Amino acid sequence: MSIIHSTFNSRNSDVTILGGTEPVNHKSLPISVVLLNRGGKYYRSAYFSYLESLGLTSVISFETTGYSYELESLSVRYPSVKFALLNQPETTGGMINIGIGESTYNQVLVLWNDMKLVKNSLSDSVLQNSIEKKFVSISPLFMTTKMETMPCKMVPVIENKNLVINPEKYVRDLSPTIYPWDFAGIYNKKEFMSVGGFDIEFSDPYWQNLDFGFRCAMWGYQNVISTVFKVTYQNQTEGEVIVKNTDYSRFYLKNLAPVYRKNKIDIPFMGVFPFIFKSGKRTSESWAEYIKIKKWVRDNGSKFKQDAKSVIQDWESE
């Protein structure tokens, strides 16, 4: 598989699918759910019943603890739910790639197990916007346990020659966000596949998500926020952890180094030097990665509509 998705590819991960033996109820909402699980004790059966009560029965739940008798029991009780057993570690974006690839419907709701939808959030208008306007993703407004709106519109700006992502709390309906906060939202499977999914070579979720968002924007796609679609956290949530590690160097080379000029995109030769100095890798390793990503940029040149500088300028002009 290519180091960066040139077409939708969820990687040949070591995943076992349990359950999903019964067809989805035809009376269910035409939307699949990718359920991601993280720390905390949540009653699994109650959560699947909750999804059922919303008309969401096409579910793919990612399990990080392997096979258990509880899963076998749940697969019998909820026969339309697929349980994806990860036999090796997988990134958040990698799980979403797999889940969307396995989804029954074109609209795919990605949730964590510590989130719940505010009543009437999955309105007809939200689903129609996902279908008709062909956004890559529609993010919800996120609410704290006290029902306070969280800053979840992510706006890229340049401050002191450095890229900074400013979170904003107050947004208008369907306003753009550079990436879906916490990876959650309604994804359009077709558009998601067109943009190539998440780059699984990133191990850091922050840079993986930001890379996805910038690629969407540079390729002419949009991630937006719906003010009708709302999600609450069941526990206090932690903010994003931002560390300029080796993944940042990869993000820089893929997104900030390419220059779009005269309807062509390329990484100027001078762009390799900041990458090599900041990559944290040996010079030979950095040079090899530069060559691979430069080739990928050229191979996908026709998909680029602008570079990162133009993306940021568009946000500043709003």
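Please read all numbers here as calculations on a predicted model, not as lab measurements.

Caption draft 1: The overall build of the protein chain, seen in detail. When its secondary structure is counted, the protein chain shows 10 helices and 14 strands. Computed over its C-alpha atoms, the radius of gyration of the protein chain comes to 20 Å, within 12% of the 20 Å expected for a compact globule of 318 residues. Across its three principal axes, the protein chain shows a C-alpha extent of roughly 60 × 40 × 35 Å. Put simply, the protein chain has 318 residues, and 52% of those count as buried.

Caption draft 2: Examining the packing of aromatic side chains more closely. Applying the stated rule across the entire model yields 22 aromatic pairs. Between tyrosine 179 and tyrosine 206 the ring centres are 6.2 Å apart and the planes differ by 85°, which places this aromatic pair in the edge-to-face class. Of the two residues, tyrosine 179 is situated in the loop between strand E10 (175–176) and strand E11 (185–188) and tyrosine 206 in helix H6 (residues 205–218); the sequence distance between them amounts to 27 residues. Judged by relative accessible area, tyrosine 179 falls into the buried class, the value being 0%. Of the residues examined, tyrosine 206 reaches a relative accessible area of 7% and is grouped as buried. Members of the aromatic cluster, joined through ring pairs, are Tyr179, Tyr206, Trp207, Phe214, Tyr248 and Phe251. Looking at lysine 244, its charged tip hangs above the ring of tyrosine 248, at a distance of 4.7 Å from the centre. The ring of phenylalanine 202 carries arginine 250 above its face, with NZ or CZ at 5.5 Å from the centroid.

Caption draft 3: Spotlight on the confidence of the model for the protein chain. Mean pLDDT for the protein chain: 88, with 92% of residues reaching 70 or above. By mean pLDDT, the top-scoring element of the protein chain is H6 (98), and the lowest-scoring one is helix H8 (residues 272–278) (73). Note that pLDDT drops below 50 for residues 1–10; the model gives that stretch 32 contacts with residues more than four away or on any other chain.

Caption draft 4: Representation of helix H9 (residues 283–299) in the model. Between its first and last C-alpha atoms H9 spans 24 Å; for 17 residues at 1.5 Å apiece the expected length is 24 Å, and the two agree. Those residues of H9 not exposed but buried are Ser286, Glu289, Tyr290, Ile293, Lys294, Trp296 and Val297. Seen end-on, H9 carries its buried residues on one side only, within an arc spanning 160°. Exposed residues pointing more than 90 degrees away from the buried face of H9 are listed as Ser284, Lys292, Lys295, Arg298 and Asp299.

Caption draft 5: Local environment of helix H7 (residues 246–256). With nine of 11 residues buried, H7 is to be regarded as a mostly interior element. Within H7, burial applies to Asp247, Tyr248, Ser249, Arg250, Phe251, Tyr252, Leu253, Lys254 and Asn255.

Caption draft 6: Summary view of the environment of serine 125. If you trace the backbone, serine 125 turns up in helix H4 (residues 124–132). C-alpha separation for the pair serine 125 and valine 228, spaced 103 residues apart in sequence, amounts to 8.7 Å.

Caption draft 7: Quick peek at the pairing of strand E7 (residues 137–143). With seven of seven residues buried, E7 lies mostly within the body of the structure. Both E7 and E11 contribute to a ladder of two bridges, which runs antiparallel. Its bridge partner lying in E11, isoleucine 138 is registered against isoleucine 186. Bridge analysis of E7 against strand E12 (residues 223–233) gives six bridges, and the strand direction is parallel. Within the sheet, the bridge partner assigned to leucine 141 lies in E12 and is lysine 230.

Caption draft 8: Broad picture of the packing of H7 against H9. Interaxial distance between H7 and H9 falls to 10 Å at its minimum, and their mutual angle equals 35°. Taken as a pair, H7 and H9 cross one another with a handedness that is right-handed. On H9, the residues touching Arg250, Leu253 and Lys254 of H7 are Glu289, Tyr290 and Ile293. Per-class residue counts for the contact of H7 with H9 are three nonpolar, no polar and three charged.

Caption draft 9: Geometry of the side chain of serine 32. Positionally, serine 32 belongs in strand E2 (residues 32–36). Owing to a relative accessible area of 1%, serine 32 belongs among the buried residues under this scheme. At a separation of 3.0 Å, a polar atom in the side chain of serine 32 contacts the side chain of serine 58. When near neighbours in sequence (up to four residues on either side) are disregarded, serine 32 contacts Ser58, Ser103, Thr104, Tyr105, Gln107, Val108 and Leu109.

Each value, and the rule that gives it
Residues numbered from 1 in each chain as written. Predicted model: local features only at pLDDT ≥ 70, side-chain atom pairs only at ≥ 80, totals over all residues. Heavy atoms only, no water. Helix = DSSP H or I, 4+ residues; strand = E, 2+ residues; numbered from the N terminus. Rg over C-alpha atoms; globule rule 2.2 N^0.38 Å. Buried < 20%, exposed > 50% of the residue type's maximum accessible area, 1.4 Å probe, protein only. Phe/Tyr/Trp six-rings, centres within 6.5 Å; stacked < 30°, edge-to-face > 60°. Lys NZ or Arg CZ within 6 Å of the ring centre and 35° of its normal. pLDDT = per-residue confidence, 0-100. Contact = heavy atoms within 4.5 Å. Expected span 1.5 Å × (residues − 1). Arc of directions from axis to C-beta. Pairing = 2+ DSSP bridges. Axes fitted to C-alpha atoms, helices over the stretch in contact; angles between N-to-C directions. Left-handed = near helix turned anticlockwise from the far one by under 90°. Nonpolar A, V, L, I, M, F, W, Y, C, P; charged D, E, K, R; others polar. Polar contact = N/O pair within 3.5 Å; in protein donor to acceptor, adjacent residues only side chain to side chain.

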